[in-house]
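# A closer look at the structure
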Amino acid sequence: MGQAEWVTVPVSTRDVEGPTFFSQHEWDTIEAATARIIPTDHHPGAREAKVVRFIDRMLAGTLFIFPAADGVGFLRMEGREAEVWQERIEQRRQFYREGIKEMDRLAQEFGGGTFLELGEADQDAVLEKLSGAAKPGGFTLDDEGGGLGGAPAGNQPVNEDFLEFFPLLVLNTRQGFYGDPVYGGNENRIGWGVIGFDGPPSLASTMDGSYTTRKYMVEGAEWPYDRHPEVLRYRRP
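We now examine the nonpolar core. Counting 33 residues, the largest nonpolar core has Phe-22, Ile-30, Ile-55, Leu-59, Tyr-96, Phe-115 and Leu-169 as the members making the most contacts within it. Looking at this core, the elements with two or more residues in it are α1 (24–37), α2 (51–59), α3 (79–109), α4 (120–131) and α5 (165–178). Apart from the residues within four sequence positions on either side, Leu-169 is in contact with Ile-30, Ala-33, Thr-34, Ile-37, Ile-55 and Tyr-96. In terms of nonpolar packing, the next biggest core, distinct from the first, is built from six residues, Trp-6, Ile-65, Leu-75 and Ile-89 among them.

Written as structure tokens, this is what we have:
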């Protein structure tokens, strides 16, 4: 059975206020961790964007995977595709549950009973130890408008199924902050507002052709788009 035949379930990621998969402690811990990955400063961060809700709904099962084309409700997955997705989600659930326990274990080394009981600096230290790398420094554009921001957002050659917990958490935090609000994150389009992206008024407008991102594209660029000089300036050294 193809997606065209799947039933639309009239549900929203916002029907429930709190967790649907996480326990309250797990929810609060992941919310705190995402808030250190995209912190609140002069702009809203992951906490305000409800990134934790995006992650919770992703882990809840197969219901919140494919939104209906009109943006109202989600498709109920069927058959083998549902089975495969459920297997993938079970693996991610295990990563998150074990990762949260490890965060709490590491927190004890910094004088806290749990990750939530630590101050922000010690929470950062726990995440550094978990990641095996130093906390990234600040990022600013140079005078010529260049930068080291990495590849354009559309070029994300990452298979989530092969990520360990911390890189998975970072990737999911980015997805929840910048993804379409229909998936539960990017509350009030906060993530889009931070980067000056207007975003589609609804998911339906991305399907019927009434919304386009053409104004954000480099005029005159030809395939392969990611080799255009104006795109390459964002490459890492």
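Don't stop here, the text continues.
Even without glycine at this site, Asn-186 takes up a positive phi of about 50 degrees. Secondary-structure assignment places Asn-186 in the loop between α5 and α6 (190–194). Given the relative accessible area of 0%, Asn-186 is considered buried. The phi dihedral of Arg-189 is positive, around 60 degrees, even though this residue is not glycine. Structurally, Arg-189 is set in the loop between α5 and α6.

Once that is clear, we can look at the packing of aromatic side chains. The full count for this structure, using the stated rule, is 10 aromatic pairs. Residues Phe-66 and Trp-85 carry aromatic rings whose centres are separated by 6.2 Å and whose planes lie at 85 degrees to one another, so their mutual orientation is edge-to-face. Taken together, the residues Phe-66 in the loop between α2 and β2 (74–75) and Trp-85 in helix α3 connect sequence positions 19 residues apart. These aromatic residues form a ring-pair network of at least three members: Phe-21, Phe-22, Tyr-96 and Phe-165.

Moving on to the pattern of salt bridges. What the rule picks out here adds up to 15 salt bridges. A single network of salt bridges, built from pairs that share partners, joins Arg-36, Glu-120, Asp-124 and Lys-135.

Here we take up α2. Every α-helix carries 3.6 residues per turn, so stepping three or four residues along brings you back to the same face. With respect to burial, α2 is a largely interior element, nine of its nine residues being buried. Residues Val-51, Val-52, Arg-53, Phe-54, Ile-55, Asp-56, Arg-57, Met-58 and Leu-59 constitute the buried set of α2. Those residues of α2 that are buried are in contact with α1, α3 and α5. Phi turns positive one or two residues past the end of α2, at Gly-61, with a value near 150 degrees.

Taken N-terminus to C-terminus, the directions of α1 and α5 make an angle of 75 degrees; their axes are 10 Å apart at the nearest point. For the element pair α1 / α5, the angle class is roughly perpendicular. Of α5, the residues touching α1 (which contributes Ile-30, Ala-33, Thr-34 and Ile-37) are Phe-165, Leu-169, Val-170 and Thr-173. When grouped by side-chain class, the residues that make up the contact of α1 with α5 number six nonpolar, two polar and no charged.

Running from amino to carboxyl end, α3 crosses α4 at an angle of 120 degrees, the nearest separation of the two axes being 9 Å. The angle between the axes of α3 and α4 places the two elements in the oblique class. Viewed along their axes, α3 and α4 form a crossing whose handedness is right-handed. Along the contact surface, α3 presents Glu-102, Met-103, Leu-106, Ala-107 and Glu-109, while α4 presents Val-126, Leu-127, Lys-129 and Leu-130.

Criteria and thresholds
Residues numbered from 1 in each chain as written. Predicted model: local features only at pLDDT ≥ 70, side-chain atom pairs only at ≥ 80, totals over all residues. Heavy atoms only, no water. Core = buried A, V, L, I, M, F, W, Y, C linked by side-chain atoms within 4.5 Å. Buried < 20%, exposed > 50% of the residue type's maximum accessible area, 1.4 Å probe, protein only. Helix = DSSP H or I, 4+ residues; strand = E, 2+ residues; numbered from the N terminus. Contact = heavy atoms within 4.5 Å. Phe/Tyr/Trp six-rings, centres within 6.5 Å; stacked < 30°, edge-to-face > 60°. Salt bridge = Lys/Arg side-chain N within 4 Å of Asp/Glu carboxyl O. Axes fitted to C-alpha atoms, helices over the stretch in contact; angles between N-to-C directions. Parallel < 35°, antiparallel > 145°, perpendicular 65-115°, else oblique. Nonpolar A, V, L, I, M, F, W, Y, C, P; charged D, E, K, R; others polar. Left-handed = near helix turned anticlockwise from the far one by under 90°.

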